[in-house]
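# Residue-level structural notes
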Amino acid sequence: VVDWAEVAREVVDLWSTGHPQWRWLLALDEGTWVVKGKKTHWTRVLNNLISNAIHALEGVGDADAVVSLSIRARGGDEVELVLSDSGPGITAEERDKIFEPRFTTKSHGTGMGLAMVWAIVKQYGGDITVGTSEWGGAQFSIRLPLMQP
């Protein structure tokens, strides 16, 4: 079992240090968010999602660059992690394929990162969706069953 909030803090601290000029938002509901899995798996998931956000933000001016991560309760038995950015977003066509192995929009990508994210989320009984953030960028939402701490 893993405390999702602890992993989120560690990963955001790491990435935000490399991009201090951007706005990094971390909103964690009160509580301990214990989910199934290995810490290395959830660290890999968050690193992949934030890495993708950073690539998306490369064309955005520093003043407009935002990465937001929130964790909140969903009922009494589920927790949701939402990662959003202010990049160019993901088209409807891309959303249909985004979790498929080898699908990429990057010139240098392998297309395996989000497929791996999807596999880890599903392995632990969760669900992942992609949409549009409040800034018009990408938004990934992961829902998982809560474990008792």
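Everything numeric here is computed off the predicted structure, so don't read it as measured data.

Now for the pairing of strand β5 (residues 78-85). With seven of its eight residues buried, β5 lies for the most part within the structure. Examined bridge by bridge, strand β4 (residues 66-74) and β5 share eight bridges and lie antiparallel to one another. Considered in β5, the bridge of Ile71 is made with Leu81. Connecting β4 to the next strand, β5, in antiparallel fashion are three residues, including Gly75 with a positive phi near 75 degrees. Pairing between β5 and strand β7 (residues 138-145): seven bridges, direction antiparallel. Among the inter-strand pairings, Leu81 is bridged to a residue of β7, identified as Ile142.

Before going further, it helps to spend a moment on helix α2 (residues 39-57). A rise of 1.5 Å per residue sets the reference length of α2, with its 19 residues, at 27 Å; its end C-alpha atoms lie 27 Å apart and thus fit the reference within 8%. Here α2 has its buried residues at His41, Trp42, Val45, Leu46, Asn48, Leu49, Ile50, Ser51, Asn52, Ala53, Ile54 and Leu57.

Let us look at the nonpolar core. When a protein is soluble and globular, its nonpolar side chains tend to lie buried together. Counting residues in each nonpolar core, the largest one holds 40 residues, and the members touching the most others are Trp4, Trp42, Phe140 and Ile142. In terms of residues, this core owes the most to one element, α2, which gives seven residues. Excluding anything up to four places from it in sequence, Trp4 contacts Trp33, Val35, Trp42, Ile71, Val79, Glu80, Leu81, Ile142 and Leu144.

Evaluation of the coordinates by the stated rule reveals seven salt bridges. Its salt-bridge partner being Lys39, residue Glu10 comes within 3.1 Å of it at the nearest N-O pair. Linking Glu10 in helix α1 (residues 4-18) with Lys39 in helix α2, this pair joins segments that are 29 residues apart in sequence. The exposure class assigned to Lys39 is partly exposed, which follows from its relative accessible area of 36%. The salt bridge partner of Glu80 is Arg143, with a shortest N-O separation of 3.5 Å.

Calculation notes
Note that residues are indexed from 1 along each chain, following the sequence as it is written. Totals for whole chains, interfaces and linings use every residue, but because this is a predicted model, local features are given only for residues with pLDDT of at least 70 and side-chain atom pairs only at 80 or more, for both listing and counting. The basis for every side-chain value is the complete set of heavy atoms in the structure, and neither hydrogens nor water enter the calculation. For every residue, the accessible area obtained with a 1.4 Å probe (protein chains only) is divided by the maximum for its type, and the residue is called buried under 20%, exposed over 50%, and partly exposed between those limits. Runs of H or I in DSSP of at least four residues are treated as helices and runs of E of at least two as strands, each being numbered from the N terminus. Two strands make a pair as long as DSSP finds a minimum of two bridges between them. What a helix is expected to span follows from its residue count: subtract one and scale by 1.5 Å. Residues belong to one nonpolar core when they are buried, are Ala, Val, Leu, Ile, Met, Phe, Trp, Tyr or Cys, and are joined through side-chain atoms within 4.5 Å. Note on contacts: a residue pair is in contact if any heavy atoms of the two residues lie within 4.5 Å. Just to be clear on terms, a salt bridge is a Lys or Arg side-chain nitrogen sitting within 4 Å of an Asp or Glu carboxyl oxygen.

Honestly, it's all geometry; don't read function into it.
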